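Notes for the structure review
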Amino acid sequence: MANVSMSDVRDTINVSQTDIPDAKLQKMIKRAEVTLELELGKEVDYSDCTEAEKEFITLLAAVYAICYLTGGSAVGLSFSVGDQDVSVADKAPPLSVLQQELDRILSGLKQPVVRSA
């Protein structure tokens, strides 16, 4: 099983601990975990999850981190970032790339539901 770490999230967007404090980043990871739980309709533990769940939580927490750095906002899988100036976030991958990856991973994580009538 896999474990989402703060360094995983920071590495994704090329920032350091001085850019985003541990306490803030930990909350972002937890929010990403809860969002994944809601999307999948099952319990997920970011400290003991599958590789795909780890990747999703890491990427979504990275999106939240970019929003934090740029003054944008994020709720669940919806986020917005206004005009970006030269900043720490310049080293981060484009949000559209992260969002496409999130969508791809989530599609793979969602299991088809078979019900009997």
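Reading the values: rules and limits
Residues numbered from 1 in each chain as written. Predicted model: local features only at pLDDT ≥ 70, side-chain atom pairs only at ≥ 80, totals over all residues. Heavy atoms only, no water. Phe/Tyr/Trp six-rings, centres within 6.5 Å; stacked < 30°, edge-to-face > 60°. Lys NZ or Arg CZ within 6 Å of the ring centre and 35° of its normal. Axes fitted to C-alpha atoms, helices over the stretch in contact; angles between N-to-C directions. Helix = DSSP H or I, 4+ residues; strand = E, 2+ residues; numbered from the N terminus. Left-handed = near helix turned anticlockwise from the far one by under 90°. Contact = heavy atoms within 4.5 Å. Nonpolar A, V, L, I, M, F, W, Y, C, P; charged D, E, K, R; others polar. Core = buried A, V, L, I, M, F, W, Y, C linked by side-chain atoms within 4.5 Å. Buried < 20%, exposed > 50% of the residue type's maximum accessible area, 1.4 Å probe, protein only. Salt bridge = Lys/Arg side-chain N within 4 Å of Asp/Glu carboxyl O. pLDDT = per-residue confidence, 0-100. Arc of directions from axis to C-beta.

Here we come to the packing of aromatic side chains. Enumeration over the complete set of coordinates arrives at zero aromatic pairs. We note R31 situated over the ring of Y64; from NZ or CZ to the ring centre the distance is 4.3 Å.

Another point: the packing of helix α1 (residues 6–13) against helix α3 (residues 51–70). Relative orientation of the contacting elements α1 and α3 amounts to 60°, with a least axis distance of 9 Å. Relative to α3, α1 is oriented so that their crossing is right-handed. Listed contacts from α3 to D8, V9, T12 and I13 of α1 are K54, T58, L59, A61, A62, A65, I66 and L69. Its residues assigned to classes, the contact of α1 with α3 comprises eight nonpolar, two polar and two charged.

One finds L36, F56 and I57 to be the most contacted residues of the largest nonpolar core, which totals 30 residues. The element best represented in this core is α3, accounting for 11 residues. Not counting residues up to four positions away in its chain, the partners in contact with I57 are V4, I29, A32, E33, L36, V44 and Y46.

In this section: the environment of D45. For D45, the location among the structural elements is in the loop between α2 (22–40) and α3. Taking C-alpha positions, D45 is 9.0 Å from K30, a pair spaced 15 residues apart along the chain.

So, on to the pattern of salt bridges. As enumerated under the stated definition, the model contains five salt bridges in all. Salt-bridge contacts for E33 lead to K30; the nearest nitrogen and oxygen are separated by 2.3 Å. Note that E33 and K30 are positioned in helix α2 at a spacing of three residues, about one turn of the helix. Residue K30 is classed as partly exposed on the basis of its relative accessible area of 40%.

Turning next to the confidence of the model for the protein chain. Looking at the protein chain as a whole, the pLDDT averages 80, with 73% of positions reaching at least 70. Across the protein chain, the element-wise mean pLDDT spans from 55 in strand β2 (residues 78–80) up to 94 in α1. Here residues 84–88 scores under 50 on pLDDT; set against residues more than four positions off or in separate chains, the count is five contacts.

Among all positions of α1, only V9, R10 and I13 are buried. An end-on view of α1 places all buried positions within 95° of arc, on one side of the element. Buried-residue contacts for α1 involve α2 and α3.

Mapped onto the elements of the fold, A52 is located in helix α3. Its relative accessible area of 33% is what places A52 among the partly exposed residues. Between the alpha carbons of A52 and L106 there is a distance of 8.5 Å; along the sequence they are 54 residues apart. Those residues in contact with A52 that lie beyond four places of it in its chain are I105 and L109.

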